[in-house]
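Structural characterization, general
Residues per chain are reported as follows:
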Amino acid sequence: MSHIAPLIPENAPFTAAQRAWLNGWLAAYLSPSEATAVAAATPVEDFPWHDPALSLDERLRLADGRPRARVLMAAMAQLDCGQCGYLCQTYAEALATGAEMSLTRCAPGGKETARALKELMEDAGPAPPPALATPVSAPSVVRHMPRPARFAGALRLNREGSAKDTRHVVFDIVEGGLEYEVGDSLGIHPANCPELVDAVIERLGARGSEDVDCPDGSRRSLREAFTLVCDIGRPSDAAIEVLASRAPDRDHSQRLQALAEGYPGAEPVEADLLDLLIAFPSARPPLQELVSALGRLEPRLYSIASSPKAVRGAVHLTVAALRYEKRGRKRKGVASTFLAERAPPGAEVPVFVQKSHGFGLPEQDDAPIIMIGPGTGVAPFRAFLQERRARGAAGRNWLFFGDQRAAQDFLYEEEFEAYHRDGLLTRLDTAFSRDQDERFYVQHRMREHAAELWAWMQEGAHLFICGAAAMAKDVDAALVAIIARQGRMSAGAARAHLGALAGERRYLRDVY
Ligand SMILES: Cc1cc2nc3c(=O)[nH]c(=O)nc-3n(C[C@H](O)[C@H](O)[C@H](O)COP(=O)(O)OP(=O)(O)OC[C@H]3O[C@@H](n4cnc5c(N)ncnc54)[C@H](O)[C@@H]3O)c2cc1C
Ligand SMILES: NC(=O)c1ccc[n+]([C@@H]2O[C@H](COP(=O)([O-])OP(=O)(O)OC[C@H]3O[C@@H](n4cnc5c(N)ncnc54)[C@H](OP(=O)(O)O)[C@@H]3O)[C@@H](O)[C@H]2O)c1
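Our subject in this report is the structure included herewith. (Residues numbered from 1 in each chain as written. Chains lettered and ligands numbered in written order. Predicted model: local features only at pLDDT ≥ 70, side-chain atom pairs only at ≥ 80, totals over all residues. Heavy atoms only, no water.)

1. What about the overall build of the protein chain?
Each helix and strand counted, the protein chain has 21 helices and 15 strands in total. Expressed as a percentage of the 512 residues in the protein chain, the buried residues total 52%. For the protein chain, contacts bridging at least 24 residues in sequence account for 70% of all contacts bridging at least 6. A total accessible area of about 23600 Å² is found for the protein chain, and carbon and sulfur atoms account for 53% of it. (Helix = DSSP H or I, 4+ residues; strand = E, 2+ residues; numbered from the N terminus. Buried < 20%, exposed > 50% of the residue type's maximum accessible area, 1.4 Å probe, protein only. Contact = heavy atoms within 4.5 Å. Areas by Shrake-Rupley, 256 points an atom, 1.4 Å probe, with all protein chains shown as cover.)

2. Thoughts on the pattern of salt bridges
Summed over all chains, the structure comprises 42 salt bridges. With a shortest N-O distance of 4.0 Å, glutamate 210 and arginine 207 are connected by a salt bridge. For glutamate 210, a relative accessible area of 15% corresponds to the buried category. Look at arginine 207 and you get exposed, because its relative accessible area is 61%. As a salt-bridge pair, glutamate 387 and arginine 391 come within 3.3 Å of each other at their nearest N and O atoms. Taken together, the positions of glutamate 387 and arginine 391, both in helix α15 (residues 379–391) and 4 residues apart, correspond to about one turn of that helix. Judged by its relative accessible area of 31%, arginine 391 is partly exposed. Within this structure, Arg156, Asp165, Arg167, Arg323, Lys332 and Glu341 form a network of salt bridges that share partners. (Salt bridge = Lys/Arg side-chain N within 4 Å of Asp/Glu carboxyl O.)

3. Some words on the packing of aromatic side chains
A complete count under the given rule lists 15 aromatic pairs for this structure. Aromatic pair phenylalanine 151 and phenylalanine 171: ring centres 5.7 Å apart, planes at 65°, arrangement edge-to-face. Of this pair, phenylalanine 151 sits in strand β1 (residues 147–156) while phenylalanine 171 sits in strand β2 (residues 166–172); the two residues are 20 residues apart in sequence, bridging distant segments of the chain. Residue class for phenylalanine 151 comes out buried when judged on its relative accessible area of 2%. Taken together, a centroid distance of 5.6 Å and an interplanar angle of 10° make the contact between phenylalanine 401 and phenylalanine 410 stacked. (Phe/Tyr/Trp six-rings, centres within 6.5 Å; stacked < 30°, edge-to-face > 60°.)

4. Remarks on the site of ligand 1
In the neighbourhood of ligand 1, 20 residues make up the surrounding shell, with Leu301, Tyr302, Thr318, Ala335 and Ser336 lying closest. At a separation of 3.1 Å, a nitrogen atom of ligand 1 approaches a polar backbone atom of serine 303. Take tyrosine 324: an N or O atom from its side chain is 3.2 Å from an oxygen atom of ligand 1. Taken by itself ligand 1 offers 990 Å² of open surface, and the protein chains cover 74% of this. When residues in the shell around ligand 1 are grouped by element, the largest group, 4 residues, is from strand β6 (residues 300–303). For the shell around ligand 1, the residue count by class is 10 nonpolar, 7 polar and 3 charged. (Near = heavy atom within 4 Å. Polar contact = N/O pair within 3.5 Å; in protein donor to acceptor, adjacent residues only side chain to side chain. Nonpolar A, V, L, I, M, F, W, Y, C, P; charged D, E, K, R; others polar.)

5. Comments concerning a negative patch on the surface
A cluster of acidic side chains, namely Asp51, Asp57, Glu58 and Glu112, defines a negative patch on the protein surface. Considering the arrangement of structural elements, one finds aspartate 51 in the loop between α2 (32–41) and α3 (56–62). With relative accessibility at 32%, the residue aspartate 51 sits in the partly exposed group. (Patch = residues over 30% accessible without salt bridge, like charges linked within 9 Å, V, L, I, M, F, W, Y side chains within 5 Å. Lys, Arg positive; Asp, Glu negative; His and termini not counted. Charge placed at Lys NZ, Arg CZ, Asp CG, Glu CD.)

6. Points about the packing of α15 against helix α17 (residues 413–422)
Packing of α15 against α17 brings their axes to within 12 Å, and their N-to-C directions diverge by 40°. Classified by the angle their axes make, α15 and α17 are oblique. Classified by chirality, the crossing of α17 by α15 is left-handed. Note on element contacts: α17 touches α15 through Glu415, Phe416, Tyr419 and Asp422, opposite Arg382, Leu385, Gln386 and Arg389. Taken together, the residues of the contact of α15 with α17 sort by class into 3 nonpolar, 1 polar and 4 charged. (Axes fitted to C-alpha atoms, helices over the stretch in contact; angles between N-to-C directions. Parallel < 35°, antiparallel > 145°, perpendicular 65-115°, else oblique. Left-handed = near helix turned anticlockwise from the far one by under 90°.)

7. A few points about the site of ligand 2
Near ligand 2, the surroundings consist of 20 residues, among which Lys164, Thr376, Ser433, Arg434 and Tyr441 are the closest. Take aspartate 403: an N or O atom from its main chain is 3.1 Å from an oxygen atom of ligand 2. One of the side-chain nitrogen or oxygen atoms of glutamine 443 is found 3.1 Å away from a nitrogen atom of ligand 2. Its free accessible area being 860 Å², ligand 2 has 73% of it covered by the protein chains. Put simply, the parts of the chain that give the shell around ligand 2 at least two residues each are β12 (397–403) and α20 (469–486). Examining the composition of the shell around ligand 2, we find that 3 residues originate from one element, α20, more than from any other. Partitioning the shell around ligand 2 into residue classes produces 8 nonpolar, 6 polar and 6 charged.

Shown next, in the form of C-alpha cells:
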C-alpha cells in the first residue's frame, strides 16, 4: 500500500490507471522523500541495467522481455542526473504512457540514447491507452521557469601552473527568492560563445540581424537565437536532415543524411554546427528552416557547494572550465566557460534549483559520514561540512579529495585544512594523481585506510561519492574489494552488502 496522499483529485479527467500513474509520478517529481516511502512500501523491482558503466547494448539485453517502460529506461544513461527533468525510470514511464513526447532529453546518453528511444518507440507502435487527457510537460515545471540570480564572480581555485581551470562561482540570490538545501544542484541557462556564433553566421552567409521564430516561441534576431536559444554545439538529427535536404552537392547531401541517420562510420563524428558548415559548404538551408530544426540550448546542472545556513543570500558552485581542441579548432564547454570567462559580474543569469534525489546529509546529526569527492566532486561536500557546522552536528566527518597536483589543484585547501585542524573534519585524506609517475587516485588512498573505513561503516557511517562517472565506478569497485577483505566475505557478498547500504540510503552517489 502506498502511504502517499494522492495529488490528483478523484474528479480529475483521468481513468483510475492514469490517476494512479500520475500520482506516482508527481510524488517522485515533487518529493523525493515521499517517493522513497513508495519505494519502501512496494515490492522492490530490480533494474539490472541501472548501471552507467554498462554499454547501451548490454543494458538493452538485460531489459529484454520486460515491459516497454523498462526497455525504454534501459536506453537511458542510468545516471539519474535529473538533466531531463526526471529520473531514468520516470522519464521512460512518461514516454511509455505518452505523457512526454521528446526523445532527446537524456543529455548524458546523447544521440545514442535518442536514436535507441526512437527505434524502440517506432517498434512498439503508438503509446498504449490510456493516453493522458492533459499531457503533463513535466520537466518544464522548474527548468523553463528559471529565476534571475546575480552573477557575483568566478574565482580561479587552481594555482599558477595548473593544467586545470576550476572556478569558485558565486551567485547572489537575495532578490530572486531562490531556496535550496545541501545536496541540491543549480541549473544554469547559459549563452553560447559569441565568437562561435559569429563564425556560424558568417559561414551561413547571413548578417545575424535577420528575424527568426525560435523553438521557444520567441521571435529574435538570428544572432540572439544562436546565442541564447539554439543548441549549435550538438545539432539535432532534424537539423542535419535540413542541411542534407538543402545541399545541392549530392555527395554532401548523402553524407549528411548518413550522419543524421547515425550510420556507423559516418563523419565528422560529434560535429558541432560549424564543423558541418565547414565540411559541407554546399549545405546552406533557409535560416528559418535551420533554426526551427535545431534543438534547444539546454541548461546545465552544477552541484551546490554551499549551505544556505552558512552563506545567506548566495549560492556557491565549483565549476571545471571545459576547454579542448578538436579538428584543429579550440572548443569550449558552453556553460562552464560562460561562467568562467564570459558572464559579466552583476549580470542576471536565469537559474533554477534542481532538488536532489535523496543525496543529502543523514537526519541523525551524530551519524558518521564518509565523503569521496575528487575534482569538482568535492562541491556538495563543502556544502555538507558548512551545514554540519551550522547545525552543530556531532557526527564524525571524513573527506577523501583528489586532483592532479597538490601544489596547484588542492581546491579549497585552506578551508579544508582549517576544518581538519578545528576538528570538524575528523579525517582529511588526499590523492594527487600526477605528483608521481604512476597515477594515484582516491580509491588507492581508501585501500590504504581499509580497516578504518570498515570500522566507520560498522559504526553506521553514511557513504557518499560525487564526481565524474568513471571515477564513481572505480571507487564503487574499490569499496566492494575493501568490504570483501575487511568483512571476510566473498566479492558477491560484499556487493550485496553495499547494495543493502544503498537500500538503507547509507550509500549515495551523485555522478555526472
Ligand atoms: C547533477 C549534476 C551535477 C553536476 N555538478 C557539476 C559540478 O559541480 N561542477 C562541474 O564542473 N560540473 C558539474 N556537472 C557537469 C556539468 O553539468 C556540465 O556537464 C559540464 O560543466 C560541461 O558542460 P558545458 O556546457 O561546459 O560543456 P558542453 O558544451 O556541454 O560540452 C560537453 C561535451 O564536450 C565534449 N567533450 C568534453 N571533453 C572533451 C574532450 N576532451 N574531447 C572531445 N570532446 C570533449 C563531450 O561531448 C561533452 O559531452 C554536473 C552534472 C550533473 C548532471
Ligand atoms: N578537458 C578539459 O579542459 C577538462 C577540464 C576539467 C574537467 N574536465 C572534465 O570535467 C569533468 C569533471 O572534472 P573534475 O575537475 O571534477 O575532475 P576530473 O578531471 O575527473 O579529475 C579529478 C581527479 O580525479 C582523478 N581521476 C581520473 N580518473 C579517475 C578514476 N577513474 N578514479 C579516480 N580518480 C580519477 C583525476 O586524475 P587524472 O586527471 O590525473 O587522471 C584527478 O586527479 C570530468 O569529466 C573531466 O573529464 C575536462
